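Structure at a glance
Below are the chains, spelled out letter by letter.
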Amino acid sequence: MGFLDKLLGRGKQAAGDVTGDTEMKEEGAHQEAEAAAESRAEQAEEMAQQSREERAEHRAERETP
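Quantities reported herein were computed from a predicted structural model and do not represent experimental measurements.

**Some details on the environment of Glu32**
Relative to the elements of secondary structure, Glu32 occurs in helix 2 (residues 22-63). The sequence separation of Glu32 and Arg55 amounts to 23 residues, and the corresponding C-alpha distance is 35 Å. Leave out the neighbours within four places in its chain, and Glu32 touches Lys6, Gly9, Arg10 and Gln13.

Structure below.
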């Protein structure tokens with residue numbers, strides 16, 4: 001959903017520019033920033049999960065005689 005929100009935010013910004021509606025432009029900027037933050041959070045969670053899996057693999061190797 002992050003990509004779609006980012007795209008919609010950019011669309012609102014463009015529409016705000018064309019119509020001179022600063023409120024719409026700001027709303028679009030906030031929506032795009034929110035989507036970018038959500039995307040970064042998802043990436044961080046994926047990296048954390050990979051690290052947990054790596055740790056488990058190393059622990060299993062260490063504990064296996």
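**Side note on the environment of Arg59**
By the element assignment, Arg59 lies in helix 2. For Arg59, a relative accessible area of 41% translates into the label partly exposed. Through-space distance from the C-alpha of Arg59 to that of Phe3 is 37 Å; in sequence the pair is 56 residues apart.

**Considerations on the packing of helix 1 (residues 2-19) against helix 2**
Running from N to C, helix 1 and helix 2 cross one another at 160°; their axes reach a closest spacing of 7 Å. Taken together, the axis directions place helix 1 and helix 2 in an arrangement best described as roughly antiparallel. Considering how the two elements wind past one another, helix 1 and helix 2 form a crossing that is left-handed. Every residue of helix 2 that contacts helix 1 at Gly2, Asp5, Lys6, Leu8, Gly9, Arg10, Lys12, Gln13, Ala15, Gly16 and Asp17 is listed here: Met24, Lys25, Glu27, Gly28, Ala29, Gln31, Glu32 and Ala35. Classifying every residue of the contact of helix 1 with helix 2 by side-chain character gives five nonpolar, six polar and eight charged.

Rules and cut-offs
Residues numbered from 1 in each chain as written. Predicted model: local features only at pLDDT ≥ 70, side-chain atom pairs only at ≥ 80, totals over all residues. Heavy atoms only, no water. Helix = DSSP H or I, 4+ residues; strand = E, 2+ residues; numbered from the N terminus. Contact = heavy atoms within 4.5 Å. Buried < 20%, exposed > 50% of the residue type's maximum accessible area, 1.4 Å probe, protein only. Axes fitted to C-alpha atoms, helices over the stretch in contact; angles between N-to-C directions. Parallel < 35°, antiparallel > 145°, perpendicular 65-115°, else oblique. Left-handed = near helix turned anticlockwise from the far one by under 90°. Nonpolar A, V, L, I, M, F, W, Y, C, P; charged D, E, K, R; others polar.

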